[in-house]
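# Chain and residue survey
Listed here are the chains, written in short residue letters.
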Amino acid sequence: MAMRPAQDFGPDVDLDALPLRERKKFQTGMRIFRTAVALFTERGFDQVSVAEIAAAAEVSKMTVFNYFPTKEDLVMGPMEQHLDEPAQAVRDRAPGTSAVTALREQFLAALERFDPAAGLNDDRIVLDVVRLIHRTPALTARATHGFDRLAHAALSAELLAQDPAHDELTARVATAQLLAVRVALIAANHRRMLAGERAADALPAVLEEARRAFALLEHGLGDYCTRAA
C-alpha cells in the first residue's frame, strides 16, 4: 500500500493513463478501502460489518466483495500486493548484482519515496492501517501468515532459480536472512511513525540504519557479541 494519488489501493497507477471505465473502477475500489479503514479505526475491526461499509461507501455489498473477497482483504489486500517485491528485486537486478545489493537498493529507494511498504510514511490512513493490524488478532495473524508463506516462497523460489548451484539450503537461509532484515527495519520505522515522528525528518537516520543493516547481512556477524573470557 502506498500513498501517492492512487497508491493506497494497490501498486503505482497512473489514473490519467487509464480508460474511463478502468479509472472509475479503480476509484470505486479506493473509496471502499478508505471507507472501511475509517470505520474500522473509529469502531474497531470486529464491530463493523461489510454491509455497513457498503452503505457508507454507497455501493452494494456484492460490489464490496467483488473488490475485496473477504473482510480481512479490506485492510490487507492492498498491502499484500507488495509481498512479491523482494523476489522482483532479485528477478530484475542487473548482471553482476548480488541478491543482497538488489534488495538493499530496492529498500533504500522505497524509503526515499516514502513508500508505506518500507514503513516510513506518516500519512494518516497508512498509520491507521498499521494500528489496525497491531490491534486486531485476525489481521496480525493474516499479516504473519501472508508474509511467511507468500513472501518467503516467492523469494526462495527466485533465488533458487537463479543460483547456478541450485542449492536449496542456501536459498532458504538467504531468504530468511534477507527478509528478516527488512522486517526489522520496517518494524523500527513503524515505531518511529506511531511515536509521532515525521517521515521526512526521520529519513536520513532511517537510510543510515538500512545501510548498516544490509552491511551486516552482506559481511556477516562474525564474532559479534562474543562472550568475554
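The sections below set out a description of the structure shown in this document. This is a predicted model, so every value here is computed, not measured. Per chain, residue numbering runs from 1 following the sequence as it is written. Residues qualify for local features only when their pLDDT is at least 70, as the model is predicted, and side-chain atom pairs are given and counted only at 80 or more; totals for whole chains, interfaces and linings, by contrast, use all residues. With hydrogens and water set aside, each side-chain value is computed from the structure's full complement of heavy atoms.

Moving on: the layout of surface pockets. Taken as a whole, the largest pocket holds about 830 Å³ of empty space. Whether a set of points on the 1 Å grid over the protein atoms alone is a cavity depends on a 1.4 Å probe fitting there but being unable to get out, while an open set qualifies as a pocket with protein on both sides within 12 Å along at least five of seven lines; lining residues are those with an atom within 4 Å of a point. Lining of the largest pocket is provided by 30 residues; of these, M79, A143, F147, I186 and H190 occupy positions nearest its centre. Secondary structure is summarised from DSSP: a helix means a run of H or I of at least four residues, a strand means a run of E of at least two, and numbering begins at the N terminus for each. At the level of secondary structure, the elements contributing two or more residues to the lining of the largest pocket comprise helix 4 (73-80), helix 5 (85-91), helix 7 (124-135), helix 8 (137-162) and helix 9 (168-194). Any residue outside Ala, Val, Leu, Ile, Met, Phe, Trp, Tyr, Cys, Pro, Asp, Glu, Lys and Arg is labelled polar, Gly included; the first ten of those are nonpolar and the last four are charged. Looking at the lining of the largest pocket residue by residue, the class counts come to 18 nonpolar, six polar and six charged. Grid points are joined across faces, edges and corners, and a volume is the space filled by probe spheres set on the points. If you add up the space inside the second largest pocket, you get close to 270 Å³. Residue lining of the second largest pocket: 17 residues in total, with A99, L159, D163, T170 and A174 positioned closest to the centre.

What follows concerns a nonpolar patch on the surface. By definition, no residue in a patch forms a salt bridge, and every one has over 30% relative accessible area; like charges are joined within 9 Å, nonpolar side chains (Val, Leu, Ile, Met, Phe, Trp, Tyr) within 5 Å. For every accessible area listed, the method is Shrake-Rupley and the probe measures 1.4 Å; residues are considered covered only by the protein chains on display. One speaks of a salt bridge when a side-chain nitrogen belonging to Lys or Arg is within 4 Å of a carboxyl oxygen belonging to Asp or Glu. Residues L216, L221 and Y224 make up a contiguous nonpolar surface patch of about 360 Å² in total accessible area. Its place among the elements puts L216 in helix 10 (residues 199-219).

Further remarks concern helix 6 (residues 99-112). What a helix is expected to span follows from its residue count: subtract one and scale by 1.5 Å. Look at helix 6: 20 Å from first C-alpha to last across 14 residues, which is about the 20 Å you get at 1.5 Å a residue. Partly exposed describes any residue whose relative accessible area lies between the buried limit of under 20% and the exposed limit of over 50%, with all areas from a 1.4 Å probe on protein chains only and scaled to the type maximum. Extensive coverage of helix 6 is indicated by the burial of 11 of its 14 residues. Buried within helix 6 we find A99, V100, T101, A102, L103, R104, Q106, F107, L108, A110 and L111. Elements in contact with the buried residues of helix 6: helix 5, helix 8, helix 9 and helix 10. Where helix 6 ends, the next residue or the one after it, F114, has phi of about 55°, a positive value. Working rule for contacts: check all heavy atoms of both residues, and any pair within 4.5 Å makes them a contact.

With that out of the way, let us pick up the pattern of salt bridges. Within this structure, the stated rule accounts for 14 salt bridges. In this structure, D128 and R124 form a salt bridge, with 3.0 Å as the shortest nitrogen-oxygen distance. Of this pair, D128 and R124 both sit in helix 7, four residues apart, which is roughly one turn of that helix. For D128, a relative accessible area of 10% gives the class buried. Three or more residues joined by partner-sharing salt bridges are found here, namely D73, E80 and R142.

Let us look at unusual backbone geometry. Backbone geometry at E58 places phi at a positive 60°, although glycine is not the residue there. Tracing the sequence through the fold places E58 in the loop between helix 2 (50-57) and helix 3 (61-67). Residue E58 is classed as exposed on the basis of its relative accessible area, which comes to 70%. Even without being glycine, C225 reaches a positive phi, approximately 60°. Relative to the elements of secondary structure, C225 occurs in the segment after helix 10. Judged by its relative accessible area of 66%, C225 falls in the exposed class.

So, on to helix 1 (residues 20-43). Here helix 1 is 24 residues long and its end C-alpha atoms lie 35 Å apart, about the 34 Å a rise of 1.5 Å per residue gives. Every buried residue belonging to helix 1 is among F26, T28, G29, M30, I32, F33, T35, A36, V37, L39 and F40, and all of these are buried. Looking at the buried side of helix 1, the elements it contacts are helix 2, helix 3, helix 4 and helix 7. Phi turns positive one or two residues past the end of helix 1, at G44, with a value near 105°.

The next subject is the environment of H190. In this fold, H190 is placed in helix 9. Among the residues examined, H190 registers a relative accessible area of 19% and is labelled buried. If we ignore the near neighbours within four places in the chain, the residues touching H190 are G119 and V130.

Throughout this description, the term nonpolar core refers to a set of buried Ala, Val, Leu, Ile, Met, Phe, Trp, Tyr and Cys residues connected via side-chain atoms within 4.5 Å. Of all hydrophobic cores here, the largest spans 33 residues; its most connected members are F107, L111, L120, L178 and F214. At the level of elements, helix 5, helix 6, helix 8, helix 9 and helix 10 are the ones that each hand at least two residues to this core. Among the elements that line this core, the one with the most residues is helix 10, at nine residues. Once you skip the residues sitting within four places of it in the chain, L111 turns out to touch A118, L120, N189, L203, V206, L207 and A210. In this structure, I32, L39, V48 and I133 belong to the second largest nonpolar core, which totals 24 residues.

Taken by themselves, the reported measurements are silent on function.
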